[in-house]
Amino acid sequence: MTEQAHTLSFRLWWGLLGCVVLMIAILLAGPYGDHIAFLPDSGAAWYFWQRPDPTVVSRLSAWLSYAAHQLSIWWLIFLAQRRGLGYVTGMHPINLAALLINGLFVVWHIVQTRWFYDGLAQDVSIFTSFGSVAILLMLVVIMENQRRGVLFGKRWNWLDQPGRFLRKYHGYYFSWAVIYTFWYHPIEMSLGHLLGTFYTIMLMLQGSLFFTRAHVNRNWTVLLEVFVLVHGATVAWLALDNQSWAMFAFGFGSIFIITQMHGLGWSRALRWLVAAVFLAAWFLSYYPALGFGVVDALRIPLIYVISVPLLALVVTAISRSRKHRE
């Protein structure tokens, strides 16, 4: 390992340790919603973990906290771009400010949940939370096209323009998707909530490292992409929904096989081996009840294949509109 690679690895491990410390604080401060008489679950569009008697104060505790968190990070991104910062192996002072702000707001969300047990879920659909992160992950596919392609390492050249635009401005959307999702939920101690909170905190860490080499470390960024598989499959498994568990596991696993692993520098032989093991696990998981289950697990990769070009067209239109105004 080169000295530069060792430094990057060292800093990322320290960042992950910070994420773990915050998760320990969440565990020590719990429980959170044990005193809440939650309303009955009314279906897929209903977010269960919200207080049945929200007040103006409880709502404001979530919305004002979210707004302060969001605007603070947007301001730092704006300053970093305005100053024309370049990528460095270490960190800029503005990265330390971002880490401090994100860390303080995580701690405040713990306190805010203990006091008010309220989040943005009172006022906005659960699909906005899911959708914001799903779009984030698909935008990453567009951004990484130049390096790893979209399908089995093959580049789509027409994605170059939206990819350049996203590499410059993605921080604004990505920080919104992560911080909005973080404040959508109260802090909770179920395994599904803990994994989701850990995921958003890791994404905040990634967002705090803008204009550093750690921010573009390919192993780290793929870990962040793949973690959605762990979270989604675990939540479905805890719900005792075997079909959904397989859909998330093999659906997001398919994205790794089709796209993400081709940017890791693996040999062709290793990629074939990983793909073969994945397909064998897929077959054994559904055997002997093949048929609909296998097709159902294709839902996620099909959504990606359809949505990525559509999102690219939207980003291209925004990029051209901005150039026209300038």
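As shown above, the structure is provided for reference.
Residues numbered from 1 in each chain as written. Predicted model: local features only at pLDDT ≥ 70, side-chain atom pairs only at ≥ 80, totals over all residues. Heavy atoms only, no water.

**Q** Tell me about the pattern of salt bridges, and please be specific about residues and values.
**A** Under the counting rule described, the total for this entry stands at five salt bridges. Close ionic contact of Asp53 with Arg51 constitutes a salt bridge, the shortest N to O distance being 3.2 Å. Here Arg51 falls in the buried class, since its relative accessible area comes to 16%. Salt-bridge contacts for Arg148 lead to Glu225; the nearest nitrogen and oxygen are separated by 2.8 Å. With a gap of 77 residues between them, Arg148 in helix H5 (residues 145-148) and Glu225 in helix H8 (residues 218-238) connect regions that are remote in the sequence. With relative accessibility at 1%, the residue Arg148 sits in the buried group. (Salt bridge = Lys/Arg side-chain N within 4 Å of Asp/Glu carboxyl O. Buried < 20%, exposed > 50% of the residue type's maximum accessible area, 1.4 Å probe, protein only. Helix = DSSP H or I, 4+ residues; strand = E, 2+ residues; numbered from the N terminus.)

**Q** Report on the layout of surface pockets, specifying residues and quantitative values.
**A** Empty space left among the atoms is revealed by rolling a probe the size of a water molecule over them. Here the largest pocket is characterised by a volume of approximately 1600 Å³. Lining the largest pocket are 48 residues, and of these Phe130, His231, Gly232, Val235 and Phe248 lie nearest its centre. At the level of secondary structure, the elements contributing two or more residues to the lining of the largest pocket comprise helix H4 (126-143), helix H6 (160-184), helix H7 (191-208), H8, helix H9 (242-258) and helix H12 (299-325). A total of nine residues in the lining of the largest pocket trace back to one element, the largest contributor, which is H4. Looking at the lining of the largest pocket residue by residue, the classes come out as 28 nonpolar, 15 polar and five charged. The calculated volume of the second largest pocket comes to roughly 870 Å³. Lining the second largest pocket are 34 residues, and of these Met143, His170, Phe174, Gln206 and His215 sit closest to its centre. Of all the secondary-structure elements, those providing two or more residues to the lining of the second largest pocket are helix H2 (56-82), H4, H5, H6, H7 and H8. Among the elements that make up the lining of the second largest pocket, the one with the highest residue count is H6 (nine residues). Of the residues that constitute the lining of the second largest pocket, the class distribution is 18 nonpolar, eleven polar and five charged. (1 Å grid on protein atoms, 1.4 Å probe; cavity = no way out; pocket = protein on both sides within 12 Å on 5 of 7 lines; lining within 4 Å. Points joined across faces, edges and corners; volume = space filled by probe spheres on them. Nonpolar A, V, L, I, M, F, W, Y, C, P; charged D, E, K, R; others polar.)

**Q** Give me the lowdown on the side chain of Ser175, citing residues and values where you can.
**A** Counting through the fold element by element, Ser175 comes out in helix H6. Setting aside chain neighbours within four positions, we find Ser175 in contact with Gln70, Ile73, Trp74, Ile77 and Tyr180. (Contact = heavy atoms within 4.5 Å.)

**Q** Tell me about empty space enclosed by the protein, and please be specific about residues and values.
**A** Applying the stated criterion across every chain yields a total of two cavities of 30 Å³ or more. Approximately 80 Å³ is the volume found for the largest cavity. Taken together, Val141, Val150, Leu151, Trp156, Ile255, Ile258, Thr259, Pro301, Tyr304, Val305 and Val308 make up the lining of the largest cavity. Only H9 and H12 provide two or more residues apiece to the lining of the largest cavity. Top element by residues in the lining of the largest cavity is H12. It accounts for four residues. Counted by class, the lining of the largest cavity contains ten nonpolar, one polar and no charged residues.

**Q** Account for the packing of aromatic side chains, naming residues and giving values.
**A** Two aromatic rings are characterised by how far apart their centres lie and by the angle between their planes. In this structure the tally under the stated criterion is 26 aromatic pairs. With centroids separated by 5.3 Å and ring planes inclined at 85°, the aromatic side chains of Phe48 and Trp49 adopt a geometry described as edge-to-face. Ring geometry for Phe278 versus Trp282: centroids 5.6 Å apart, planes at 65°, classification edge-to-face. In this pair, Phe278 and Trp282 are both assigned in helix H10 (residues 268-286), four residues apart and thus about one turn of the helix distant. Ring pairs connect the aromatic residues Phe38, Tyr47, Phe48, Trp49, Trp63, Tyr66, Tyr117, Tyr173, Phe174, Trp176, Tyr180 and Tyr184, which therefore count as one cluster. (Phe/Tyr/Trp six-rings, centres within 6.5 Å; stacked < 30°, edge-to-face > 60°.)

**Q** Tell me about unusual backbone geometry, and please be specific about residues and values.
**A** A negative phi angle is the norm for most residues apart from glycine, just as the trans form is the norm for most peptide bonds. The residue after Gly30, namely Pro31, is reached through a cis peptide bond having omega 0°. Inspection of the secondary structure puts Pro31 in the loop between helix H1 (3-29) and H2. The backbone of Tyr117 shows a phi angle near 40°, a positive value even though the residue is not glycine. Along the chain, Tyr117 falls in the loop between helix H3 (93-116) and H4. The backbone of Phe152 sits at a positive phi, close to 55°, despite the residue not being glycine.

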